[in-house]
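Remarks on the overall topology
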Amino acid sequence: MNGDVVIDVQGLTKSFDGRVVVRDLSMQVKRGQIYGFLGPNGSGKTTTIRMLCGLLTPDSGHGTCLGYDIITQSVLIKRRVGYMTQRFSLWQDLSIRENLEFVARVYGLDKAKERVRTAIERLGLKGREEQLAGNLSGGWKQRLALGACTLPEPELLLLDEPTAGVDPKARREFWTEIHHLAADGLTVLVSTHYMDEAERCHEIAYIAYGRLLAQGTVDEVVAAAHLTTWTVSGEDLNELSEQLEKLPGIDMVAPFGTSLHVSGRDAEKLNRAIEPFRKDKRWRWKPDEATLEDVFIDLMSHAEDNF
Amino acid sequence: MFGRVSAMFVKELLQLQRDRITFATMIAIPLIQLLLFGFAINTEPRNLPTAVLMQEDSDLGRSILSGLRNTAYFDVRRVAHSEAEVDHMLKSGDVLFVVEIPAGFARAVRRGETPALLVIADASDPVATGSALGALETAVTMALLRDRGLPAVVEGTKLFEVLQHRRYNPEGSTQLNIVPGLLGTILTMTMLIFTALSVTREIERGTMESLLSMPIRPVEIMLGKIAPYVVVGFLQALLILVAGVFIFDVPVIGNIWLLALLTTLFITVNLSIGYTFSTLAGNQLQAIQMTFMFFLPNILLSGFMFPFAGMPRWAQWIGEALPVTHYLRIVRGILLKGATLSDLGIEALALFGLMLVAMTIAVTRFRQTLD
Ligand SMILES: Nc1ncnc2c1ncn2[C@@H]1O[C@H](COP(=O)(O)OP(=O)(O)OP(=O)(O)O)[C@@H](O)[C@H]1O
Ligand SMILES: [Mg+2]
């Protein structure tokens, strides 16, 4: 086994009731990396993460997680992986402290009480440890869930949309924490819908309709898309947007605040299409770098929809 | 107003239709239960398990034996040869009835001395044995007259006398039977409900995903979930027993520690069965329905409401598969008869076996993934 590859899976496929949800997915994640997992709703992110930690059995495909087979050795994987579920799934009728102590005992940690106390302090939950988990606000629930899955000192964290519905400050603190953990050698696979979070990852993977469409660093993913992008500013952008969308050579038109992003995969066709509009005095055209979001929206609109 | 009610009505109907198992049980269960209990329950007991104690070997003794075998009331299972054997059979509940033919009986009958025919009835269930006592005298007299051609008796005189001995409950008090029965059925109901919801609750609240992602095995989850209720069940049993002794004058003849031990076993069996339902059910409603489906035969076919001996064979076999049937024998045996572990060994083993079966099903059927 290669000690530096923590997740190494090939050809994972999973279907529910005859509908393929994850199709032929392969990926590698190296130790100490923060790996972002992006994709539209229902694209199979949660399903993939569940397959990695043994909560779902893939229909076909194979691979290892921390060097253990994901199909036959899921018990060993569970001991070393912290999984934070998309939906809060700790016990709402237990207090913060009781939830954490339960986790500590199930993992057979020594000095459970002490560890729980330090975890509570580290999470900034001191003073509320007797509060029932069910009564916490959304952001605090996330914090508790992260505390619970890091408590057993796992080697790999699988975080499923850990910052959905969390305020910007808490989100920033959360990511600082994640980077600290990664610096200590922890590997993190994190799914998210936020572009700024994607840019904080060492590498990202983009999945749509069960297929992995792009993989690599943010720069690599943007470069591989070969998107030529123009930014347009001026008046009557709505009208312009409606006209541009119909033209061949233009793959994506998206409003960005007071300007418009116009992209196409074929630079020549794109330029030809916008030629007549560039003469119009109402608009100012400026060549621009494609953003990650441009790339994702483009990838998504070209991936086949299997709903 | 009407629009909103009908909106609610349609929504409930759709949800009901989606839960196929619940829907099916609503139709099937009443029908199955009706047929099952309709045919099984018989308030006039027949085929009472009976032993004959032969203190002499005579032709009259043999015709009494065959006479008893010819009636529907008695099922002569054993021919005993000593008092000790008879004691054990009664204590363990193997037989409810013993007919003793004393030494010198045949000679005394022939001489017209009207000897005594001794009958020992297990009166711990007075309903079961009550009507059979009356039938006994007629059956024996008929047999003797037919087989042996004894002189027809003169009006008002008898060939022999029946000497009744009601054991364990000489006054025929029904409470001595009901209280142990209630102990068993109340424990069954409460224990089943405690665990029947334990797994489905985790699934419905979404906490199952957390639990499954942790390194804990199904058997560990099961034991951890059952254990606290063993204590609760034990306290409940204690409460019922104390009330039974002080309010209903139920005697405690046997060893109280043996009763405590076997009660703990019985509690654990029911908790395991409840837990098994919980792993089989898809949601809480299904789990509750399974519990009730299981609870009804526990009341009706266990010998609690109706005498066990009166049920047809197949219903008795169903009864043997229910924990409360065995526990009733244990409680009646220890409280009223002073039975020991050697008398109750089979019942204890049966409970243990049922527990193992339930736990095995629960552990193997426990879904370890979310598939
Ligand atoms: N247990 C299940 N049974 C049937 N279908 C399922 C099940 N779990 C997931 N699916 C389907 O699989 C698809 C992928 O779901 P998944 O939860 O993996 O998506 P996701 O990428 O995590 O989406 P989101 O960003 O909304 O969380 C969805 O269409 C979903 O309806
Ligand atoms: Mg998801």
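So, how was this worked out
Residues numbered from 1 in each chain as written. Chains lettered and ligands numbered in written order. Predicted model: local features only at pLDDT ≥ 70, side-chain atom pairs only at ≥ 80, totals over all residues. Heavy atoms only, no water. Near = heavy atom within 4 Å. Polar contact = N/O pair within 3.5 Å; in protein donor to acceptor, adjacent residues only side chain to side chain. Areas by Shrake-Rupley, 256 points an atom, 1.4 Å probe, with all protein chains shown as cover. Helix = DSSP H or I, 4+ residues; strand = E, 2+ residues; numbered from the N terminus. Donors = N, O, S within 2.8 Å, 3.2 Å for Na, K, Ca; no water. Buried < 20%, exposed > 50% of the residue type's maximum accessible area, 1.4 Å probe, protein only. Pairing = 2+ DSSP bridges. Axes fitted to C-alpha atoms, helices over the stretch in contact; angles between N-to-C directions. Parallel < 35°, antiparallel > 145°, perpendicular 65-115°, else oblique. Left-handed = near helix turned anticlockwise from the far one by under 90°. Contact = heavy atoms within 4.5 Å. Buried area = accessible area lost by both parts, 1.4 Å probe. Salt bridge = Lys/Arg side-chain N within 4 Å of Asp/Glu carboxyl O. pLDDT = per-residue confidence, 0-100. Domains from an automatic or database assignment.

All names here are of chain A. In the vicinity of ligand 1, 15 residues are found, and the nearest of them are Gly42, Lys45, Thr46, Thr47 and Gln86. Lysine 45 places a polar side-chain atom, nitrogen or oxygen, 2.7 Å from an oxygen atom of ligand 1. Here an oxygen atom of ligand 1 sits 3.0 Å away from a polar atom, N or O, in the side chain of histidine 193. Here ligand 1 loses 71% of its free accessible area of 630 Å² to cover by the protein chains. Of all the secondary-structure elements, those providing two or more residues to the shell around ligand 1 are β2 (19-30) and α1 (45-52).

This part covers the coordination of the magnesium ion (ligand 2). All names here are of chain A. Coordination sphere of the magnesium ion (ligand 2), protein contribution only: Thr46 (OG1) and Gln86 (OE1), at 1.9 to 2.1 Å. Remark: glutamine 86 occurs in the loop between β6 (81-84) and α3 (96-106) and threonine 46 occurs in helix α1; sequence separation between them is 40 residues. Overall, threonine 46 belongs to the buried group, its relative accessible area being 17%. Using a relative accessible area of 40% as the deciding quantity, one classes glutamine 86 as partly exposed.

With that out of the way, let us pick up the pairing of strand β3 (residues 34-38) of chain A. Residue and element names in this part refer to chain A. Burial runs high along β3: five of the five residues are buried. Judged by which residues are buried, β3 turns out to be covered on both faces: Ile34, Gly36 and Leu38 on one side and Tyr35 and Phe37 on the other are all buried. By the bridge criterion, four bridges tie β3 to strand β8 (residues 187-191) in an arrangement that is parallel. The residue of β8 that forms the bridge with tyrosine 35 is leucine 189.

Residues and elements named next belong to chain B. The contact between helix α11 (residues 256-280) and helix α15 (residues 341-365) brings their axes to 8 Å, and the two run at 25°. Taken as axis vectors, α11 and α15 run roughly parallel relative to one another. Note on packing geometry: the crossing formed by α11 with α15 is left-handed. Listed contacts from α15 to Leu258, Leu262, Leu265, Phe266, Thr268, Val269, Ser272, Ile273, Tyr275, Thr276, Thr279 and Leu280 of α11 are Leu341, Leu344, Ala348, Leu351, Phe352, Leu354, Met355, Ala358, Met359, Ile361, Ala362 and Arg365.

Another point: the interface of chain A and chain B. The interface is formed by 19 residues belonging to chain A together with 17 residues belonging to chain B. In total, about 1700 Å² of surface goes out of reach between chain A and chain B, with carbon and sulfur atoms giving 57% of it. Area buried by chain A at its contact with chain B is led by Leu55(A), Lys78(A) and Trp91(A), which between them contribute 32% of it. In this assembly, chain A and chain B are joined by three salt bridges. Note that Lys14(A) and Asp371(B) form a salt bridge whose closest N and O atoms lie 2.3 Å from each other. Between the two partners, chain A and chain B, sit ten residue pairs in polar contact (both at pLDDT 80 or more).

All right, on to the confidence of the model for chain B then. All names here are of chain B. With 95% of its residues at a pLDDT of at least 70, chain B reaches an overall mean of 85. Across chain B, the element-wise mean pLDDT spans from 74 in helix α6 (residues 126-148) up to 94 in α11. Under the prediction, the complex receives an ipTM of 0.85, its pTM being 0.83.

One frequently used descriptor of interface size is the decrease in accessible area upon assembly of the parts. Residues and elements named next belong to chain B. In terms of domains, chain B is made up of domain 1 (48-167) and domain 2 (174-370). In this assembly, 16 residues from domain 1 lie in contact with 16 residues from domain 2. Note on domain 1 versus domain 2: buried area summed over both sides is about 1100 Å², and carbon and sulfur give 55% of it. When the buried area of domain 1 at its contact with domain 2 is split by residue, Lys91, Ser124 and Asp125 rank highest and sum to 47% of it. Joining domain 1 to domain 2, the criterion identifies one salt bridge. For aspartate 122, the salt bridge identified is with lysine 337, shortest N-O distance 2.7 Å. Our count for the contact surface shared by domain 1 and domain 2 stands at three residue pairs in polar contact (both at pLDDT 80 or more).

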